[in-house]
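Structural description and commentary
Okay, here's what each chain looks like letter by letter:
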Amino acid sequence: MVQKITPPAAGSPRVPPHPIFRSGAVARLARMPVSTLRIWEQRYQAVRPSTAPSGHRQYSAADVERVLLLRQLTEKGHAIGAIAALNATQLQEVANTQATSSAGKRAQPARRTASLRLAVVGRALALRLQRPAVLERLTQHWKVAAVFESLAEAAQATSGAAFDLLLWQAPGLQLEALPELKAAQDALRARHLAVAYRFAGEASKRELASTGASVTREPTDDDALGAWLASLEGPLMASADKSIDPPDPPEPRPWQALAPGDVTPRRFDDATLTKFAGLSTTVACECPRHLAELLMQLSSFEAYSADCANRSPADAELHAYLQRVAGVSRTLFETALERVAREEGLFLP
């Protein structure tokens, strides 16, 4: 006989019979980020708390019990999109089935049978996609097949095979960027478009969403990022080729594209940069000073990482990677500094 799982799981805080909870308290009880709880509510309607006159969400004891059970099941490998619409009885049946299948053996993650080709504009976001907290949310195999620094670079790309998704990490989303985004999508033959922005106006978000793109503020925690990407899998798989591709060979991680040849020797020493930073007081724009200071920081970190690689053989690979990242970043910022100097009419030795 299967023992009924009564949420919360063992070790979880007990919920009083008639309390009213706010979202922060519910997230702490479920041991999950508040941002993930919001995604569960807004995107999946997994729980529907009431709203106080002040605008704050109010969760009943039943709401909290539901969140705790949903959290328990997602931690055991169930995708939130697949269980969000189930009622309490159905959720309990899933939990009971999970308990039965787990008896005597460890539950296995869902089998990934297809590969989704992904192009990413934004190297930092591409790196986040490799983190375990993101990957464990996904039920399909996401193949990061191309990484670009900018939309302009992506728009110039020539791609043999089409991409399932173009994912753009947008620090600031402006209406003026939308034609370039469309050009990048066309060049890559991307069937779907998703944008994770950090800052955006309502007009820009509405215009982009009207094209069918998936638009969200970039999640700060990896769990929420994985949940958002998992919500895109259904539409992506629906439009993907139904045939099952053979397993893809192992590919280098995105950061391995940062080859030593991408790093040029340092162009400006600290003395030159310090002198240049002082010139910025004569112009309205402070970008020259900021760039000079950033370059000094990057150059110092690059040298520090190289020294660490020599001192610690056990961490040599990690520090060599950090040295390459700093070197590539420095190279890009040196080019940016030269352009700013030209625009501002400043002398740069």
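Anything mentioned here points back to the structure above.
For every chain, the first residue of its written sequence is number 1, and the numbers climb from 1 along that sequence. Per-residue local features of the predicted model are confined to residues with pLDDT of at least 70, and side-chain atom pairs are confined, for both listing and counting, to 80 or more; whole-chain, interface and lining totals are unaffected and use all residues. With hydrogens and water excluded, all non-hydrogen atoms of the structure serve as input to the side-chain values.

Topic: the overall build of the protein chain
The condition is simple: Note on conventions: DSSP H or I runs of at least 4 residues are helices, E runs of at least 2 residues are strands, and numbering of each starts at the N terminus. Buried, partly exposed and exposed residues are distinguished by accessible area as a fraction of the type maximum, computed with a 1.4 Å probe on protein chains only: under 20%, between the cut-offs, and over 50%, respectively. Between two residues, a contact is recorded if the distance between any of their heavy atoms is within 4.5 Å. The accessible surface values rely on the Shrake-Rupley method and a 1.4 Å probe; as for residues, cover is taken only from the protein chains in view.
Within the protein chain, the secondary structure is distributed over 14 helices and 7 strands. Scored against the burial criterion, the 349 residues of the protein chain give a buried share of 42%. Considering only residue pairs separated by 6 or more positions, the protein chain has 72% of its internal contacts joining residues 24 or more positions apart. When the accessible surface of the protein chain is split by element, carbon and sulfur atoms take 55% of a total near 19,400 Å².

Some remarks on the packing of aromatic side chains
Convention followed: We call Phe, Tyr and Trp rings a pair once their centres come within 6.5 Å, taking the six-membered ring for Trp, and we label the pair stacked below 30 degrees between planes, edge-to-face above 60, and tilted otherwise. A positively charged side chain is recorded as over a ring if its NZ (Lys) or CZ (Arg) lies within 6 Å of the ring centre. The angle to the ring normal must also be within 35 degrees.
Counted according to the given criterion, the structure contains 1 aromatic pair. Sitting over the face of the ring of Phe 163, Arg 117 holds its NZ or CZ atom 4.5 Å from the ring centroid.

A few points about the sheet that holds strand S4 (residues 141–148)
Inclusion rule: Criterion used throughout: strands pair if DSSP finds at least two bridges between them. Structural elements are reduced to axes, namely lines fitted to C-alpha atoms, with helices fitted over the stretch in contact, and the angle between N-to-C directions of any two is expressed from 0 to 180 degrees.
Spatial ordering of the open sheet is given by S4-S3-S5-S6-S7, a layout of 5 strands whose pairing is parallel. What marks the edges here is a single partner per strand, and that holds for S4 and strand S7 (214–217). Ignoring strand direction, the axes of neighbouring strands in this sheet form an average angle of 25°. Pairing analysis gives 7 bridges linking strand S3 (residues 115–121) to S4, with the strands arranged parallel. Its bridge partner lying in S4, Leu 116 is registered against Trp 142. Together, strand S5 (163–173), strand S6 (190–200) and S7 form the strand contacts of helix H10 (residues 202–209), whose direction differs from that of S6 by roughly 170°.

Description of the side chain of Thr 216
As for its placement among the helices and strands, Thr 216 is situated in strand S7. Given a relative accessible area of 16%, Thr 216 falls into the buried group. Beyond its immediate stretch of four places on either side in the chain, Thr 216 contacts Val 195, Ala 196, Tyr 197 and Trp 228.

A few points about the pairing of S5
Across the 11 residues that make up S5, a large majority, 9, are buried. Inspection of the sheet shows S3 paired to S5 by 4 bridges, in the parallel sense. Looking at the pairing, Ala 119 lines up with Leu 166 of S5. Here 9 bridges tie S5 to S6, and the two strands are oriented parallel to one another. Bridged to Ala 170 within S6 is Tyr 197.

A look at the packing of helix H1 (residues 23–30) against helix H3 (residues 61–75)
Keep this limit in mind: Any angle that falls under 35 degrees is termed roughly parallel, while one over 145 is termed roughly antiparallel, one within 65 to 115 roughly perpendicular, and all others oblique. Helix crossings are classified by the rotation of the near helix relative to the far one: an anticlockwise turn of less than a right angle makes the crossing left-handed, while a clockwise turn makes it right-handed.
The contact between H1 and H3 brings their axes to 9 Å, and the two run at 40°. The orientation of H1 relative to H3 falls into the category oblique. Like other packed secondary-structure pairs, H1 and H3 cross with a definite hand, here right-handed. Where H1 abuts H3, its residues Val 26, Leu 29 and Ala 30 lie against Val 64, Val 67, Leu 68 and Arg 71.

Here's the deal with helix H14 (residues 316–344)
The condition that has to hold: One less than the number of residues in a helix, times 1.5 Å, gives the span that helix is expected to have.
Taking 1.5 Å as the rise per residue, H14 with 29 residues should run 42 Å; its terminal C-alpha atoms sit 41 Å apart, in good agreement. Here H14 has its buried residues at His 319, Tyr 321, Ala 326, Gly 327, Val 328, Arg 330, Thr 331, Glu 334, Leu 337, Val 340 and Ala 341. Phi turns positive, to about 70°, at Gly 345, one or two residues after H14.

Focus: the packing of H1 against helix H2 (residues 34–42)
Our working definition: All residues other than Ala, Val, Leu, Ile, Met, Phe, Trp, Tyr, Cys, Pro, Asp, Glu, Lys and Arg, Gly among them, are scored as polar; the first ten of these are nonpolar and the last four charged.
Where H1 meets H2, the axes come as close as 9 Å, and the angle between the chain directions of the two elements is 105°. The orientation of H1 with respect to H2, classified from their angle, is roughly perpendicular. Across from Ser 23, Gly 24, Val 26 and Ala 27 in H1, the residues of H2 making contact are Val 34, Leu 37 and Arg 38. Split by residue class, the contact of H1 with H2 holds 4 nonpolar, 2 polar and 1 charged.

Looking at unusual backbone geometry
Backbone geometry at Arg 31 places phi at a positive 55°, although glycine is not the residue there. Along the chain, Arg 31 falls in the loop between H1 and H2. Here Arg 189, not a glycine, exhibits a phi torsion of approximately 55°, which is positive. For Arg 189, the location among the structural elements is in the loop between helix H9 (178–188) and S6.

Some thoughts on the pairing of S7
Here is the rule we go by: Seen with the strands pointing away from the viewer, any crossover whose path from the first strand over the helix to the second strand runs clockwise is right-handed.
Every second residue of S7 is oriented toward a common face, the buried set being Ser 214 and Thr 216 and the non-buried set Val 215 and Arg 217. Sheet topology places S6 next to S7; 4 bridges connect them, and they run parallel. By the bridge assignment for S7, Ala 194 is matched with Ser 214. Following the chain from S6 across H10 to the adjacent parallel S7, one finds a crossover that is right-handed.

Any functional reading would require information beyond the geometric quantities listed.
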